[in-house]
Amino acid sequence: MRHAAVALILLLLVGVLAFFAVSPEHGWWLPPSASTVATEIDGLFDAIGIVIAVGFVLVMVLLAWAVWHGAQNREGRSRSTHGHTGLEIAWTAAVAAVLVAIAFGQLPTWAALRDPAGKPAGGPTAVVVAQQWSWRFEHAGLDGRLGTVDDLETAFELVVPAGEPVLLELRSRDVIHSFFVPELRLKQDVVPGRSAPLWFTISEPGTFELVCAELCGFGHYAMAGRVRALPRAEYDMWLAERARDQRSRGSEDAR
Amino acid sequence: MSGARGGFWRTWIFSVDHKVVGIQYLVASASMLFLGGLLAMAIRWQLAWPWTEMPIVGQLVFGDVGRVMNPAAYTALFTMHGTAMVFFAILPLLTGAFGNFLVPLLVGAPDMAFPRLNAASFWIFLAACATFLASAFVEGGASNSGWTAYPPLATLPSAAPGSGSGQSLWLVAIVVLGVSSILNALNAVVTVVKMRAPGMTWMRLPLTAWGLFVASALQLAALPVLTAGGILQLCDRWIGTGFYTPVGLIVNSVAPDAVATTGGSPLLWQHLFWFYSHPAVYVMVLPAMGFVSDILSVNARKPVFGYKPMVWAITSIAGLGLIVWGHHMFTSGLGFEMGRAFMLSTMLIALPSAVKTFNWIATIWGGRIRLTAAMCFALGFVALFVIGGLSGLWLAATPVDVYLHDTYLVVAHFHYIVFGGTVLAIFAALHHWIPKMTGRALSETLGRWHFLGTFIALNCVFLPMHQLGIAGMIRRTADPSVYELFDRLVPLNRFVTWSAFALFAWQSLFVVNLAWSLFRGARVGRNPWEATTLEWETTSPPPHGNFDSELVISCGPYEYGDAAGERDFRPQTRSTA
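Throughout, residues of each chain are indexed from 1 in the direction in which the sequence is written. Lettering for chains starts from A, numbering for ligands starts from 1, and both go in the order in which the items are written. Reporting of local features is limited, given that this is a predicted model, to residues whose pLDDT is at least 70; pairs of side-chain atoms are given and counted only at 80 or more, and all residues count toward the totals for whole chains, interfaces and linings.

**Brief notes about the overall build of chain B**
Consideration 1: The helix and strand tally for chain B stands at 17 helices and zero strands.
Consideration 2: Our radius of gyration looks at C-alpha atoms and nothing else; its globule reference is 2.2 Å times the residue count to the power 0.38. For 577 residues, the compact-globule estimate of 2.2 N^0.38 gives 25 Å, and chain B sits close to it at 24 Å.
Consideration 3: Each principal axis of the C-alpha atoms in chain B carries an extent, and together these give about 80 × 50 × 50 Å.
Consideration 4: Three classes are used. A residue is buried when 20 or more other C-beta atoms lie within 10 Å of its own, exposed when 12 or fewer do, and partly exposed in between, with C-beta atoms placed from the backbone. Out of the 577 residues in chain B, the part that is buried amounts to 64%.
Consideration 5: A residue pair is marked as a contact if its C-beta atoms, positioned from the backbone, fall within 7 Å. A separation threshold of at least 6 residues defines the contact pool for chain B, and within that pool the share at least 24 residues apart is 78%. Helix and strand labels come from DSSP, where a helix needs a run of H or I of at least four residues and a strand needs a run of E of at least two; each type is numbered from the N terminus.

**Side note on the overall build of chain A**
Consideration 1: Helices and strands together make up the secondary structure of chain A, namely five helices and 10 strands.
Consideration 2: Here chain A has a C-alpha radius of gyration of 26 Å; the compact-globule value for 255 residues is 18 Å, and the former is much larger.
Consideration 3: If one aligns the C-alpha atoms of chain A with their principal axes, the spans along those axes are about 100 × 35 × 35 Å.
Consideration 4: Buried residues in chain A amount to 38% of all 255 residues.
Consideration 5: Taking contacts inside chain A between residues at least 6 apart in sequence as the whole, the part at least 24 apart equals 66%.

**Regarding helix H1 (residues 2-22) of chain A**
Consideration 1: What a helix is expected to span follows from its residue count: subtract one and scale by 1.5 Å. Over its 21 residues, H1(A) extends 30 Å from the first C-alpha to the last, a length consistent with the 30 Å expected when each residue adds 1.5 Å.
Consideration 2: Taken together, the buried positions of H1(A) are A:Ala5, A:Leu8, A:Ile9 and A:Leu12. Taken around the axis of H1(A), the buried residues stretch over an arc of 95 degrees, which confines them to a single face. Across from the buried face of H1(A), at angles greater than 90 degrees, the exposed residues are A:His3, A:Ala4, A:Ala7, A:Val14, A:Ala18, A:Ala21 and A:Val22.
Consideration 3: Where the residues of H1(A) are buried, they touch helix H2 (36-71) of chain A together with helix H12 (373-396) and helix H15 (444-470) of chain B. Of all possible arcs, the one meant is that of the directions from the helix axis to the C-beta atoms.

**As for helix H5 (residues 115-134) of chain B**
All names here are of chain B.
Consideration 1: Under the 1.5 Å per step criterion, the end-to-end length of H5 is 29 Å for 20 residues, consistent within 8% with the ideal 28 Å.
Consideration 2: Along H5, the residues classified as buried are Asn-118, Ala-119, Ser-121, Phe-122, Phe-125, Ala-128, Cys-129 and Phe-132.
Consideration 3: On its buried face, H5 sits against helix H2 (18-48), helix H4 (71-107) and helix H6 (165-194).

**A look at the domain arrangement of chain A**
Quoted interface sizes are often the accessible area lost when the parts come together.
Residue and element names in this part refer to chain A.
Consideration 1: Along its sequence, chain A is carved into domain 1 (2-71 + 87-114) and domain 2 (121-254).
Consideration 2: Throughout the structure description, domain borders are defined by an automatic or database domain assignment. Of note, the centres of domain 1 and domain 2, computed from C-alpha atoms alone, are 36 Å apart.
Consideration 3: Residues of the side of domain 1 that touches domain 2, tallied by class, amount to six nonpolar, three polar and no charged. Each residue is assigned to one of three groups, with Ala, Val, Leu, Ile, Met, Phe, Trp, Tyr, Cys and Pro labelled nonpolar, Asp, Glu, Lys and Arg labelled charged, and all others, Gly among them, labelled polar.

**Points about the environment of A:Leu99**
Consideration 1: Here A:Leu99 shows up in helix H3 (residues 85-105).
Consideration 2: In this structure A:Leu99 comes out as buried when scored by C-beta crowding, with 21 C-beta atoms within 10 Å.
Consideration 3: With 48 residues separating them in the primary sequence, A:Leu99 and A:Val51 have C-alpha atoms 9.8 Å apart.
Consideration 4: If sequence neighbours within four positions are ignored, A:Leu99 has contacts with B:Met347, B:Ala350 and B:Leu351.

**Description of the sheet that holds strand E1 (residues 126-131) of chain A**
Residue and element names in this part refer to chain A.
Consideration 1: Within the open sheet, the five strands sit side by side as E3-E2-E1-E5-E8. Their pairing is mixed. Taken across any chain shown, the strands that pair with only one partner, and hence form the sheet edges, are strand E3 (152-155) and strand E8 (196-201). Taking the axes of each pair of neighbouring strands and ignoring which way they run, one obtains an average angle of 25 degrees across the sheet.
Consideration 2: Between any two strands, pairing holds if DSSP finds at least two bridges. Pairing between E1 and strand E2 (residues 134-139): six bridges, direction antiparallel. In the sheet register, Ala-126 faces E2, and the bridge partner there is His-139. Every axis corresponds to a line fitted to the C-alpha atoms, with the helix fit spanning only the stretch in contact, and the corresponding angles, defined between N-to-C directions, vary from 0 to 180 degrees.

**Some points on the interface of chain A and chain B**
Consideration 1: Contacts between the two partners involve 84 residues from chain A, matched on the other side by 93 residues from chain B.
Consideration 2: Mapped by element, the contributors of at least two residues to the side of chain A that touches chain B are H1, H2, H3, helix H4 (107-114), strand E7 (186-190) and strand E9 (206-212) of chain A.
Consideration 3: At 16 residues, the largest contribution of residues to the side of chain A that touches chain B is made by H2(A).

**Some words on the nonpolar core**
Consideration 1: Ranked by internal contacts, the top residues of the largest apolar core, which has 278 residues, are A:Val128, B:Val292, B:Ala378, B:Phe381 and B:Ala428.
Consideration 2: Per-domain counts for this core show at least three residues from each of domain 1 (2-71 + 87-114) and domain 2 (121-254) of chain A. Defined on buried residues, the nonpolar core groups Ala, Val, Leu, Ile, Met, Phe, Trp, Tyr and Cys residues joined through C-beta atoms within 7 Å.

**A look at the sheet that holds strand E10 (residues 224-230) of chain A**
All names here are of chain A.
Consideration 1: The strand order across the open sheet built from five strands is E4-E10-E9-E6-E7, with neighbouring strands paired in mixed fashion. Edge positions in the sheet fall to strand E4 (157-161) and E7, since each of these pairs with one other strand and no more. Put simply, the sheet's adjacent strands are angled 25 degrees from each other on average, direction ignored.
Consideration 2: Note: E4 against E10, five bridges, orientation parallel. From the neighbouring strand, Pro-161 faces E10, where its bridge partner is Leu-230.

**Topic: the packing of H1(A) against H2(A)**
All names here are of chain A.
Consideration 1: Their axes nearest at 9 Å, the elements H1 and H2 cross at an angle of 170 degrees. Looking at the two axes, H1 sits roughly antiparallel to H2. The residues of H2 that touch H1, namely those facing Arg-2, Ala-5, Val-6, Ile-9, Leu-10, Leu-12, Leu-13 and Val-16, are Phe-56, Val-57, Met-60, Leu-63, Ala-64, Val-67, Trp-68 and Ala-71.
Consideration 2: Its residues placed into classes, the contact of H1 with H2 shows 15 nonpolar, no polar and one charged. Here the word oblique covers every angle except those under 35 degrees (roughly parallel), over 145 (roughly antiparallel) and from 65 to 115 (roughly perpendicular).

**So, the packing of helix H14 (residues 408-438) of chain B against H15(B)**
Residues and elements named next belong to chain B.
Consideration 1: Between H14 and H15, whose axes approach to 7 Å, the crossing angle comes to 170 degrees. Comparing the axis directions of H14 and H15 gives the class roughly antiparallel. The chirality of how H14 crosses H15 is left-handed. Touching Tyr-408, Leu-409, Val-410, Val-411, Ala-412, His-415, Tyr-416, Phe-419, Gly-420 and His-431 of H14 are Gly-447, Leu-458, Phe-462, Met-465, His-466, Leu-468, Gly-469 and Ile-470, all from H15. By convention, the crossing between two helices is left-handed when the near helix turns anticlockwise from the far helix through less than a right angle, and right-handed when the turn is clockwise.

**Brief notes about the environment of B:Cys376**
Residues and elements named next belong to chain B.
Consideration 1: With respect to the element layout, Cys-376 can be found in helix H12.
Consideration 2: According to the C-beta neighbour criterion, Cys-376 is buried, with 29 such atoms within 10 Å.
Consideration 3: Residues Cys-376 and Val-482, spaced 106 residues apart in sequence, show a C-alpha to C-alpha distance of 42 Å.
Consideration 4: Excluding residues that lie within four positions of it along the chain, Cys-376 makes contacts with Leu-371, Arg-448 and Phe-451.

**Notes on the pairing of E1(A)**
Residue and element names in this part refer to chain A.
Consideration 1: Among the six residues of E1, six are classified as buried, and the element is accordingly described as predominantly covered.
Consideration 2: The antiparallel hairpin formed by E1 and E2 contains two residues in its connecting segment.
Consideration 3: Examined bridge by bridge, E1 and strand E5 (residues 165-172) share five bridges and lie parallel to one another. If you follow Val-129 over to E5, its bridge partner there is Arg-171.

Now the structure itself:
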């Protein structure tokens, strides 16, 4: 039976490691990263992942070892030891050191994500309006300012410039939603009654899925959207084109 | 159990004996555990084969509505699953069932401090269960705003079908449950403080007693906050106070009633909810840690390693547990500094948990291990609690949490703690203490087989959820295939579902074992495990009043091994001579 017990612990050890090892090649892993902060977050994820792996292997090996030797001890008695102050201090200090390292190691990335000091100057590039169960976007237009005539409204797709800081203002009309773009590693709840700023820089042009990550009713699962990042020139062109469309539509309406 | 007189009703239904109340809690909350498991099967079916006809459970759950899932039913389903499991199964199994049965026995008291109050807390609990179950059968169906019930989704009937009467009943159930748990916790705390037998000093309490005591104290400190918060949400719904509802909402193209939008804050609820519901996680794990410490020590025939650091760890987990609730709100707009502060407190709470893990390994290190079924489950707890704890490191790091928050990694993380950890510890405790409850042994062989299948299947269920979450798959989604990003996850989701069915079916082994034991199990004496603590001093099951002799406690609870005397253990009541 002790063979079975130790085999089970080792099966867990090997199984977990093997499963994690093969996951990336099947795509069961972080999606490609597409923002400057995403690279930092992935680095943290990997670093903490190594700590986790080391801790896991250490504990499983110790556990297997203890069970192996303890379960074959048929005669005699165990030693009535009640503890060892030195050992307690040693492992408390070791774990504390690792935790302090993780805690302080992640501070710069947290600052890059959320420190208000790093918020881009000026008004938002676009306002995101969430409602059950769709996304609406008000782009600032060519003049870069919201609340002017050249503002552009889109549904489903947000268009932003790549390679430069983008500032969004998130609002909700009804319940709590969450603006989640997995490839940008960004998530911000959109709480009604307050607006949340969100800033980031997309590294390369591309199209990224936008996911609602906070339960917002039964249509929550289908509250999909898209973020398209264009090079600055194309972005300006897109704005101009859309502004023209909007004007002509407007003049048609006037007639 | 509580004497021959009185017949069935007096003995088993309207008894005030703490052991009967404990068993009543056990039966009621185990039934809710079964229900929660059944709901989980339906959830898994939908995630593996979205919008297809569901056999068996579909008919049970949806009946005449049709056997195919619809989005509103799915949201109600996971709301009911989470609520049933956390509030009506795991918490009452620990503090209600084991807390009531064990606390007086472990401290050497004849009963709880307030036996009638104790019976009352069970009946109030049952009323809460009934209200919760009834909420599924009202117009609009069960609450479908998640077990976290975030407003305004939960407070505005126009926002979700279940946010009508279903949500009101859900809140009533939570408030009534809160009252029951507060009474129960108060009873446990007073019993441990005031009714310990002569010589039972604090530092001679078994760790199970410590775990249950501290968990109860934690409930006393934090549960009134959620209960009051729930009453506020009811006020929002019933008399239009608007504590949680901001001004100017447009739901479904209509503005809600003017009275309901007086400028409240949805974040207020999140603070109040998590102020209890995070400590609740520790209420769900501290007693489990206690069981495991005791069972490891008994079956390794060795004292718990580092008793005082273990006590220190339990109390500091509880203390820190009160100041980490904000880590559920890293993405909710808590702000930069608050995120940093809650990150630090969260990192800090990992420390006592790690210390406990090392102490458990050191406890069995060099022991003379008996691989009883209880021991297998306890060792399983240690292995899987470690996985759940370690994945918490990713979630504690704020920038990584921003990505992982509300994904399946969180689901994997807390299921490793609550199922891999607490549920395994509950099975360990059942194997360990059922002989004391019923006077009959469970089958060790069947118990070990039950453990083996459960251990393998539960890892197959919850391990791949890490990968799902790392790939970005969100929680509470009825159909991940809406997103291209999650397309590749279909095989994983199906594997998880098959494993979940196996895990659920395998639990029948325990039911068989229990049924067999109740009627055919071998009679056990007072102390089948050769354990030192007080509950093993008395008969199995113990009589009304618990102990047939005067107790004088002369040593700590973990005198095992070569220094223990003529046998390899020294009961707590024997003189040290």
